[in-house]
Amino acid sequence: MQSNKDKKNIVWRLLWQKRTILLLSGAVGVLLLEGAKRSSFFAEEIFAKRIFKVLSIGISFITGWLPFSLAEISVLLCPIAVFVLLAIFVRKLIKKKEERFFLCLNGFYSVACGASLVFFIYAVGCGVNYYRYPFSYYAGLIVEPSDVEVLYAVCVELTEEANALRKQLTHEDENGVYKLSMSKYELATLTKEAYIKLAKEYQVLGGRYPAPKQILLSKLMSYTELTGIYTCWTMEANVNVDIPDYSIGSTMAHELAHLRGFIREDEANYLAYLACMKSENLELRYSGVMDALILSGNALYRKNPDLYFSLRVTYEPGIERDLAANSAYWAKYHDTVVSNTVDKANDTYLKANNQTDGVESYGRMVDLLIAAYKKRNAQ
């Protein structure tokens with residue numbers, strides 16, 4: 001039977017262990033987030049453009065050497081690791097009855113240290129950047145409410161771009177649906193090269209870019225209705241490559257935007273469009289403009305269905321085939337228990353991180369497209 005003095009000594013032994021620094025890391029994460037919430041200057045000038053950029057480039061350089069997604073492997077191995085550790089913990093409880101107090105306290109302390117470390121990584125790799133300056137600051141864009149006529153003009157412009165590009169794409173499957181003429185690895189290389197070109201216009205995007213990683217279990221990922229995911233602990237841009245070919249390039253570009261610290265979804269979408277349009281490759285350009293056209297078209301449909309359908313009839317037949325194939329693909333995964341759960345979790349996560357529109361924030365890219373359109377036509 002352990003005395004109170006022995007128990008106090010046990011507590012002190014725990015607190016003076018080296019892993020206590022892991023527990024303190026959570027407090028550092030809280031301080032960083034609070035500092036970012038109170039000062040966009042701190043979030044941008046001190047953290048995003050310096051601390052995060054160095055970490056992002058450094059870690060992605062290391063993980064970029066791996067031909068597979070380290071994040072995906074980690075997710076697959078994590079349940080096994082938890083099961084093994086839990087089994088070891090239970091075994092110790094059974095064998096060492098006289099040390100159960102210490103074992104339980106030690107177990108709780110280990111979980112607390114682990115949770116603190118996870119929170120710190122989230123804050124450094126993701127959370128703080130939600131409070132940095134918006135990309136519109138660097139692009140010189142004024143985001144403001146606009147009437148439907150301006151939105152329609154943007155959609156017309158995007159339709160013309162998409163039509164012109166689709167006419168030049170001849171690599172199709174037996175149903176006349178666009179099909180990549182290159183490997184996914186080649187597309188990934190083109191995407192990071194597009195960002196290097198875009199960085200010449202926007203210095204804030206400068207630095208080394210890794211190639212986006214292909215998810216091995218992409219088909220399973222589609223059940224979550226996610227096309228890609230940025231993982232802050234490995235600094236990888238992970239992409240679902242089972243999705244329709246026309247959307248893979250823009251998805252790769254979207255996830256790479258997160259690696260440069262632009263975490264908000266609307267900005268990542270807009271940066272993906274800009275990067276794709278910087279490329280000389282027609283297929284990557286088509287991917288970028290299609291993503292912009294779909295989001296803008298959806299916005300136009302919500303505001304004025306008649307205008308939307310008047311524009312929809314001008315789409316190239318190839319675009320219509322691509323959109324039909326896309327709808328058929330996602331119909332298999334839509335409105336399932338898994339997809340609804342992930343969508344709800346993603347919505348809650350985004351709202352908790354300074355994106356009050358939740359999953360609707362993806363579509364706010366249209367506001368940036370409108371602002372850019374106004375800027376071009378005002379000159």
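That block above? That's the structure.
Here the structure is a predicted model, which is why all the values come from computation and not from measurement.

Caption draft 1: Quick look at the nonpolar core. Core analysis: the biggest nonpolar cluster contains 89 residues, and Phe135, Tyr195, Leu205, Tyr270, Tyr273 and Tyr286 have the highest contact counts within it. Among residues more than four places away in sequence, those in contact with Leu205 are Phe135, Leu198, Ala199, Arg260, Phe262 and Leu271.

Caption draft 2: Representation of the pairing of strand 3 (residues 236-239). The alternating pattern of strand 3 places Glu236 and Asn238 and Ala237 and Val239 on opposite faces, both of which are buried. Here four bridges tie strand 2 (residues 228-231) to strand 3, and the two strands are oriented antiparallel to one another. Bridging across to strand 3, Tyr230 finds its partner in Ala237.

Caption draft 3: Main features of a positive patch on the surface. Residues Arg91, Lys92, Lys95 and Lys96 make up a contiguous surface patch of positive charge. Here Arg91 is to be found in helix 4 (residues 70-95). Under the relative-accessibility criterion, Arg91 is labelled exposed at 53%.

Caption draft 4: Summary view of the sheet that holds strand 3. On the basis of which strands lie adjacent, the open sheet formed by three strands has the order 1-3-2 and mixed pairing. Strands with a single pairing partner mark the edges of an open sheet, and in this sheet they are strand 1 (213-214) and strand 2.

Caption draft 5: Inspection of the environment of Glu236 at higher detail. Relative to the assigned elements, Glu236 resides in strand 3. Between the C-alpha atoms of Glu236 and Phe61, which are 175 residues apart in sequence, the distance is 9.7 Å. Apart from residues lying up to four places away in sequence, Glu236 is in contact with Thr63, Phe68, Ser69, Leu70, Ala71, Lys213, Ile229, Tyr230, Thr231 and Leu259. Here Leu70 takes part through its backbone nitrogen, which lies 3.0 Å from a polar atom of the side chain of Glu236. Polar contacts involving the side chain of Glu236 include one to the side chain of Lys213, which spans 2.6 Å.

Caption draft 6: The packing of aromatic side chains, seen in detail. Evaluation of the coordinates by the stated rule reveals 17 aromatic pairs. Aromatic pair Tyr137 and Tyr138: ring centres 5.0 Å apart, planes at 85°, arrangement edge-to-face. Residue Tyr137 is classed as exposed on the basis of its relative accessible area, which comes to 51%. Taken together, the ring pairs connect Phe135, Tyr202, Phe262 and Tyr270 into an aromatic cluster. Here the guanidinium or amino end of Arg132 rests over the ring plane of Phe262, the centre of that ring lying 4.0 Å away. Looking at Arg260, its charged tip hangs above the ring of Tyr209, at a distance of 4.2 Å from the centre.

Caption draft 7: The packing of helix 7 (residues 148-168) against helix 16 (residues 365-378), seen in detail. Running from N to C, helix 7 and helix 16 cross one another at 90°; their axes reach a closest spacing of 10 Å. The angle between the axes of helix 7 and helix 16 places the two elements in the roughly perpendicular class. In contact with Val150, Leu151, Ala153, Val154, Glu157 and Leu158 of helix 7, helix 16 contributes Val366, Leu369, Ile370, Tyr373, Lys374 and Arg376. Here the residues of the contact of helix 7 with helix 16 sort into nine nonpolar, no polar and three charged.

Scoring rules and cut-offs
Residues numbered from 1 in each chain as written. Predicted model: local features only at pLDDT ≥ 70, side-chain atom pairs only at ≥ 80, totals over all residues. Heavy atoms only, no water. Core = buried A, V, L, I, M, F, W, Y, C linked by side-chain atoms within 4.5 Å. Buried < 20%, exposed > 50% of the residue type's maximum accessible area, 1.4 Å probe, protein only. Contact = heavy atoms within 4.5 Å. Helix = DSSP H or I, 4+ residues; strand = E, 2+ residues; numbered from the N terminus. Pairing = 2+ DSSP bridges. Patch = residues over 30% accessible without salt bridge, like charges linked within 9 Å, V, L, I, M, F, W, Y side chains within 5 Å. Areas by Shrake-Rupley, 256 points an atom, 1.4 Å probe, with all protein chains shown as cover. Salt bridge = Lys/Arg side-chain N within 4 Å of Asp/Glu carboxyl O. Lys, Arg positive; Asp, Glu negative; His and termini not counted. Charge placed at Lys NZ, Arg CZ, Asp CG, Glu CD. Polar contact = N/O pair within 3.5 Å; in protein donor to acceptor, adjacent residues only side chain to side chain. Phe/Tyr/Trp six-rings, centres within 6.5 Å; stacked < 30°, edge-to-face > 60°. Lys NZ or Arg CZ within 6 Å of the ring centre and 35° of its normal. Axes fitted to C-alpha atoms, helices over the stretch in contact; angles between N-to-C directions. Parallel < 35°, antiparallel > 145°, perpendicular 65-115°, else oblique. Nonpolar A, V, L, I, M, F, W, Y, C, P; charged D, E, K, R; others polar.

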